[in-house]
Amino acid sequence: MTPINFDTFIDRSDTASQKWERYRDTEILPMWVADTDFMAPPSVIQALQKRVEHGVFGYTNTPAELNQLVIDRMQSLYQWKIKTDWLVWLPGLVCGLNLACRAVGDTGDHIISPQPIYPPFVSAPHLSKRKVIQVPMTQEGERFILDFAALEKSITPDTHMILFCNPHNPGGSVYREEELLQLTAIAKKHQLTICSDEIHCDLILEPGLQHTPLASLNSDSASRTITLMAPSKTYNIAGLGCSFAIIPDEQLRKKFINVRKGIVPDVNLLGYTAAIGAYQAGDDWNQKQLRYLRENRDYLIREINQIPGLKLNPIEATYLAWIDISAAKLENPARFFEEAGIGMSPGRDFGDANYMRLNFGCPKPLLEEAVKRIKNALLNHLPA
């Protein structure tokens, strides 16, 4: 097995990679969609190789071993005691968002979502024939968190669900326990269900911070929360399609399972296999990855904040940088940066055109080249 070296560039051309195919046959560096350019942990690769050597790939039940790994993981990391029955395995987290929207309330009801936010938080309610009510994020110091006052004011008699994201994508904030308690108090007061996307929970970059699953706070929070998690972002196995929901409340879980029937397929056996490899023996690898990502983050914040027209706040979690470009006065930011040779995600897709999202989950030399191109483009664009 190749030694772990996050500086190594792995050529992803001719692999049908969404990330790299977008800019095929160009010099543009793809730093948009949220997968990293790192090789998956050795434990994942070994597990997959062993399963492939078996040679039979028929219909597969959820391995009992994987259920137990998740149960043990929730207990070890968060002191959260969950049960096997609470787990619903899914071929992706986005379908979990859509199922949650369909499982709660009725057609025409209101679903609250933060803004800015990962785009499926806005599309899922619409696809479920619900009306999305967007509540602004606010800055507490240099952190983006939900505006709880605005959230409560937005609740109507037709509101039955809040979509929540922690750590926040794209802002990178990790919610503190007192903030989570504030959210659950509002949900309890208005009898709302919360769908909590916690897919980046294993990517906490700021030393001393701890992820807290919303549903782990108390019994009331557990009874009204659908928690969505996955190994995909952490271990770079998104293409294998394996995620899960944790739903303690039996009635809510039955509704969630019922709306998936005939629509959402089971997880494929290689997805299960990769998840087992990741959760069984991938944490040492992730600790090395986190150290590498912290160095990339610190470098990026330092360099971006020296470029006229750009601002980058501290990033507590994820490998995603939410860069404020408002002072640069760019007419078409996405095109501007593509012409400079960097393909980022436009902030308008997340609900705020004053930003661009950059994925720094890549080898440091690639990030340095991206920063060089950004710097040159802005220095040539802005008046002296």
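Below is a short write-up of the structure. (Residues numbered from 1 in each chain as written. Predicted model: local features only at pLDDT ≥ 70, side-chain atom pairs only at ≥ 80, totals over all residues. Heavy atoms only, no water.)

**What to know about the packing of aromatic side chains**
Moving on, step 1. Applying the stated criterion across every chain, the model contains 14 aromatic pairs.
Moving on, step 2. Between Trp-89 and Tyr-272, the ring centres sit 6.0 Å apart and the planes meet at 75 degrees, which makes this aromatic pair edge-to-face. Taken as a pair, Trp-89 in strand 2 (residues 87–90) and Tyr-272 in helix 11 (residues 269–281) lie far apart in primary sequence, 183 residues in all.
Moving on, step 3. Measuring from ring centre to ring centre gives 5.6 Å for Trp-322 and Phe-350, while their planes differ by 65 degrees; the resulting arrangement is edge-to-face. On the criterion of sequence distance, the pair formed by Trp-322 in strand 11 (residues 320–324) and Phe-350 in the loop between strand 13 (345–346) and strand 14 (355–359) is long-range, its members being 28 residues apart. Assigned by exposure class, Trp-322 and Phe-350 land together as buried.
Moving on, step 4. What links up through ring pairs into an aromatic cluster is the set Phe-6, Phe-38, Tyr-235, Tyr-279, Trp-285 and Tyr-292. (Phe/Tyr/Trp six-rings, centres within 6.5 Å; stacked < 30°, edge-to-face > 60°. Helix = DSSP H or I, 4+ residues; strand = E, 2+ residues; numbered from the N terminus. Buried < 20%, exposed > 50% of the residue type's maximum accessible area, 1.4 Å probe, protein only.)

**Some thoughts on helix 7 (residues 177–190)**
Moving on, step 1. Compared with the 20 Å implied by 1.5 Å per residue over 14 residues, the 20 Å span of helix 7 between its first and last C-alpha is a close match.
Moving on, step 2. Among all positions in helix 7, only Glu-179, Leu-180, Leu-183, Thr-184, Ile-186 and Ala-187 are buried. All buried residues of helix 7 lie within an arc of 155 degrees about the axis, which places them on one face of the element. Residues Glu-178 and Lys-189 are exposed on helix 7 and point more than 90 degrees away from its buried face.
Moving on, step 3. Packed against the buried residues of helix 7 are strand 5 (143–146), helix 6 (148–154), strand 6 (159–165), strand 7 (193–197) and helix 8 (219–223).
Moving on, step 4. Downstream of helix 7 by one or two residues, Gln-191 has phi in the positive range, about 55 degrees. (Expected span 1.5 Å × (residues − 1). Arc of directions from axis to C-beta. Contact = heavy atoms within 4.5 Å.)

**Overview of the pattern of salt bridges**
Moving on, step 1. Within the structure shown, the criterion is met by 21 salt bridges.
Moving on, step 2. The closest approach of N and O atoms between Asp-283 and Arg-73, which form a salt bridge, is 3.2 Å. Of the two residues, Asp-283 sits in helix 12 (residues 283–304) while Arg-73 sits in helix 3 (residues 64–78), which places them 210 residues apart along the sequence.
Moving on, step 3. Salt-bridge contacts for Asp-298 lead to Arg-297; the nearest nitrogen and oxygen are separated by 3.0 Å.
Moving on, step 4. A relative accessible area of 37% places Asp-298 in the partly exposed class. (Salt bridge = Lys/Arg side-chain N within 4 Å of Asp/Glu carboxyl O.)

**Quick look at the nonpolar core**
Moving on, step 1. Counting 73 residues, the largest nonpolar core has Leu-358, Phe-360 and Ile-374 as the members making the most contacts within it.
Moving on, step 2. Each residue touching Ile-374, except ones within four places of it in the same chain, is listed here: Ile-304, Ile-307, Leu-310, Phe-337, Ile-342, Met-344 and Leu-358.
Moving on, step 3. Residues Cys-101, Ile-111, Ile-226 and Ala-245 belong to the second largest nonpolar core, which totals 26 residues. (Core = buried A, V, L, I, M, F, W, Y, C linked by side-chain atoms within 4.5 Å.)

**With respect to helix 2 (residues 42–54)**
Moving on, step 1. Taking 1.5 Å per residue, 13 residues should reach 18 Å; helix 2 reaches 19 Å between its end C-alpha atoms and fits that length.
Moving on, step 2. For helix 2, every residue scored as buried is listed here: Ser-43, Val-44, Ile-45 and Leu-48.
Moving on, step 3. In this structure, the buried residues of helix 2 make contact with helix 11.
Moving on, step 4. Gly-55, located one to two residues past helix 2, shows a positive phi value of around 85 degrees.

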